[in-house]
Amino acid sequence: MIVTRLDEAQLLDQAGELADLLVDAVAGGASIGFLAPLGRTAAMAWWEERTVAVAAGELAVWAAREGERALGTVSLAFPGKPNSRHRAELVKLMVHRDARGQGLGRRLLATAEEAAIDAGVTLLHLDTETDSLAERLYGSAGWTRAGVIPDFAASPTGVLRPTTIYYKYVGVTALTR
């Protein structure tokens, strides 16, 4: 399996495969900002809209592919404010249901963490559904739980669920904290 950072053109080219991955994640219950059922056309449009942020350097997107199929993705969102250039948000970590349990989520997480260090980022943060499989991944990968916000986001079925906020120091700062 190959994990590659996508530029704007590659993201547009792979939008269909990434849309299939997004549809699968939502159908599988992943709370990643969408309600079920999510149609492929809407998912593809969502990915295509990300190309503007990728071109502007505000978003970095990686895709894990096996052949012609996207099996996972992760992104880093970089804030534009001068006082927050030391941090980035980890967003949309997704693994296709067919590829779960094989270490791909951990590999994508490590890829994003390494890229953050290379970009000079020292603090990462994310939010995830409380008591989800994703939450167990972040905890086991050394992320620190900052707290829980009740009724923060709706699950794909529309039920309000709590969200847990995590952070992680990476790079030199992580070694001195």
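Here we summarise the structure given alongside this text. These numbers were taken from a predicted model, which means no experiment stands behind them.

Turning to helix α3 (residues 40-55), a few remarks are in order. Spanning 16 residues, α3 covers 23 Å between terminal C-alpha atoms, matching the ideal 22 Å at 1.5 Å per step. Within α3, burial applies to A43, W46, W47, T51, A53 and V54. Of the surrounding elements, those touching the buried residues of α3 are β1 (2-6), α1 (8-13), α2 (15-27), β2 (59-66), β3 (69-77) and β4 (87-95). G57 sits one or two positions beyond α3 and adopts a positive phi of about 80 degrees.

As a packed pair, helix α4 (residues 104-118) and helix α5 (residues 133-140) sit with axes 11 Å apart at the nearest point and diverge in direction by 55 degrees. The angle between α4 and α5 places the two elements in the oblique class. Remark: the crossing between α4 and α5 carries right-handed chirality. Counted together, G105, R106 and L109 of α4 and L137, Y138 and S140 of α5 form the full contact between these two elements. Of the residues that constitute the contact of α4 with α5, the class distribution is 3 nonpolar, 2 polar and 1 charged.

Angle between the axes and distance between the axes are the two parameters that describe a pair of packed helices. Relative to each other, α2 and α3 sit at 120 degrees, their axes nearing to 8 Å. On the basis of the axis angle, α2 is oblique to α3. The handedness of the crossing between α2 and α3 comes out as right-handed. Residues A15, G16, E17, L18, A19, D20, L22 and V23 of α2 lie in contact with α3, whose contacting residues are R40, A43, M44, W46, W47 and E48. Broken down by class, the residue content of the contact of α2 with α3 amounts to 9 nonpolar, 1 polar and 4 charged.

Bringing the packing of aromatic side chains into the picture now. According to the stated counting rule, one finds 5 aromatic pairs in the structure shown. Between F34 and W46 the ring centres are 5.5 Å apart and the planes differ by 85 degrees, which places this aromatic pair in the edge-to-face class. Taken as a pair, F34 in the loop between α2 and α3 and W46 in helix α3 lie far apart in primary sequence, 12 residues in all. The residues F34 and W46 share a single accessibility class, namely buried. Each ring, one from Y167 and one from Y169, has its centre 6.0 Å from the other, and the planes form 85 degrees; the classification is edge-to-face. Of the residues examined, Y167 reaches a relative accessible area of 31% and is grouped as partly exposed. Note on Y169: relative accessible area 30%, which makes it partly exposed. Through a chain of ring-to-ring contacts, the aromatic side chains of F34, W46 and W47 assemble into a single cluster.

Below, the discussion takes up the pattern of salt bridges. Evaluation of the coordinates by the stated rule reveals 8 salt bridges. A salt bridge links R65 to E68, with the nearest nitrogen and oxygen atoms 3.8 Å apart. The residue E113 makes a salt bridge to K168 at a minimum N-O spacing of 3.1 Å. Of the two residues, E113 is situated in helix α4 and K168 in strand β7 (residues 160-169); the sequence distance between them amounts to 55 residues. A relative accessible area of 16% means that K168 is categorised as buried. Members of the salt-bridge network, linked through shared partners, are E17, R65 and E68.

Reading guide: rules and limits
Residues numbered from 1 in each chain as written. Predicted model: local features only at pLDDT ≥ 70, side-chain atom pairs only at ≥ 80, totals over all residues. Heavy atoms only, no water. Helix = DSSP H or I, 4+ residues; strand = E, 2+ residues; numbered from the N terminus. Expected span 1.5 Å × (residues − 1). Buried < 20%, exposed > 50% of the residue type's maximum accessible area, 1.4 Å probe, protein only. Contact = heavy atoms within 4.5 Å. Axes fitted to C-alpha atoms, helices over the stretch in contact; angles between N-to-C directions. Parallel < 35°, antiparallel > 145°, perpendicular 65-115°, else oblique. Left-handed = near helix turned anticlockwise from the far one by under 90°. Nonpolar A, V, L, I, M, F, W, Y, C, P; charged D, E, K, R; others polar. Phe/Tyr/Trp six-rings, centres within 6.5 Å; stacked < 30°, edge-to-face > 60°. Salt bridge = Lys/Arg side-chain N within 4 Å of Asp/Glu carboxyl O.

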